[in-house]
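# Structural features, examined
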Amino acid sequence: MTKCPACLTPLGVSDVPALAFHLVDRAGESDPAHVRWLNQNLTRTKTPPGEIEPKLRAFYDLGSGTVKQWIKARFIEKFFGRAPHPFVIALQHPSRATLLGYVIEHQHFLRQWVRSCSFIMARTDQPSVIRYELDNLNTEYGGLGPGQVAHYELLLRMGESLGVDRATVLGTPPLPSTAAAIDEWNQMATREHWVEVMAAMHSLELIANRNLVLEGASVHYFDPAILNGHEISDAAKNFLREGYEADVAHSDEALDLVNEFSGEPGLVEDVQSTFLRSIDLFDDYLIARLERGGQFEA
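An account of the accompanying structure is given in this report. (Residues numbered from 1 in each chain as written. Predicted model: local features only at pLDDT ≥ 70, side-chain atom pairs only at ≥ 80, totals over all residues. Heavy atoms only, no water.)

It is worth spelling out the overall build of the protein chain at this point. Of the regular secondary structure elements, the protein chain holds 13 helices and 0 strands. In sequence order, the protein chain lays out its α and β elements as α-α-α-α-α-α-α-α-α-α-α-α-α. Considered along the principal axes of its C-alpha atoms, the protein chain spans approximately 55 × 45 × 35 Å. In the protein chain, which comprises 298 residues, the share counted as buried stands at 53%. Contacts spanning at least 24 positions in sequence make up 74% of the contacts within the protein chain whose residues lie at least 6 apart. Only carbon and sulfur atoms are counted for the fraction: they give 52% of the accessible area of the protein chain, which is about 12,700 Å². (Helix = DSSP H or I, 4+ residues; strand = E, 2+ residues; numbered from the N terminus. Buried < 20%, exposed > 50% of the residue type's maximum accessible area, 1.4 Å probe, protein only. Contact = heavy atoms within 4.5 Å. Areas by Shrake-Rupley, 256 points an atom, 1.4 Å probe, with all protein chains shown as cover.)

Okay, structure coming up:
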């Protein structure tokens, strides 16, 4: 491991003791990101570096699997375990407020998303990766081609169907957690290896991957029944259905590419660390959706 999963600080060496010392040292200084990472992933008690080391080795160990399988397992554990993420719970049968929180914060996320994907394209010479990102950008933001509507446009239409015009959505600044996450994702895109950025950004598409229930997720991203009933508007159904249908292929293909191109010495561990930092940011951002939704509860 050459970088910290809580802050992505380069450690300068590739060994477990250095990372264990860094995590414990920063947690000892009460740094929130490091305390949180240790509490959520390794231990909730004050533990010396020597006892952290075997826990770290076990945590990062791929076993007989691939980095794609490891990423999926960690993502499921964090967002779809026995206690699913609060936003996932709220989205099972979402209120108008929950969906509006989704709209307003997510439009900022999607604008950041295309920038990160563009950095991946700019920093790789692999044709398969470039083709993948071009297709992804068109699906999420471009909507170019007969009968195609970008996911971004579907999001804005969902907001309009809920009574908030797109000028209001586009003119509303992001909440602090969303803004902080976007800023750090942008820093990742410019600083980290492009394979790490692929893992960090496209693993987030797993959130809507309906096949995760076959791999251990306790629930879907939302109850699929809402796509056929009358709980939500047709525009909301169209937006949710697009992700539900597209993100299986999108996330799996991206993680296959991560598997293929993470063969450089030490790169798998860096991919793991950058992915871990990204899902912590995603956790905060999903909470921001709920916070924004709370403003519409009345």
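Picking up after the structure, the text goes on.
Let us now look at empty space enclosed by the protein. In this approach, a probe sized like a water molecule rolls over the atoms, and the result shows the empty space that is left. Counted according to the given criterion, the structure contains 2 cavities of 30 Å³ or more. Here the second largest cavity is characterised by a volume of approximately 50 Å³. Around the second largest cavity sit F80, A208, N209, R210, L212, V213, V219, H220, Y221, F222 and Y244, which together line it. Class assignment for the residues of the lining of the second largest cavity results in 8 nonpolar, 2 polar and 1 charged. (1 Å grid on protein atoms, 1.4 Å probe; cavity = no way out; pocket = protein on both sides within 12 Å on 5 of 7 lines; lining within 4 Å. Points joined across faces, edges and corners; volume = space filled by probe spheres on them. Nonpolar A, V, L, I, M, F, W, Y, C, P; charged D, E, K, R; others polar.)

Quick look at the nonpolar core now. One finds L56, F75, W185, I207 and F282 to be the most contacted residues of the largest nonpolar core, which totals 89 residues. Take this core: its biggest share by element is 12 residues, from helix α6 (residues 96-123). (Core = buried A, V, L, I, M, F, W, Y, C linked by side-chain atoms within 4.5 Å.)

In this section: the packing of α6 against helix α13 (residues 267-294). The N-to-C vectors of α6 and α13 enclose an angle of 130°; their axes lie 7 Å apart at closest approach. When the axes of α6 and α13 are compared, the pair comes out oblique. Helix-helix and strand crossings are classified by hand; for α6 and α13 the assignment is right-handed. Counting all contacts with α6, which are made through A97, G101, Y102, I104, E105, H106 and F109, the residues of α13 involved are F282, Y285, A288, R289, R292 and G293. When its residues are assigned to classes, the contact of α6 with α13 shows 7 nonpolar, 3 polar and 3 charged. (Axes fitted to C-alpha atoms, helices over the stretch in contact; angles between N-to-C directions. Parallel < 35°, antiparallel > 145°, perpendicular 65-115°, else oblique. Left-handed = near helix turned anticlockwise from the far one by under 90°.)

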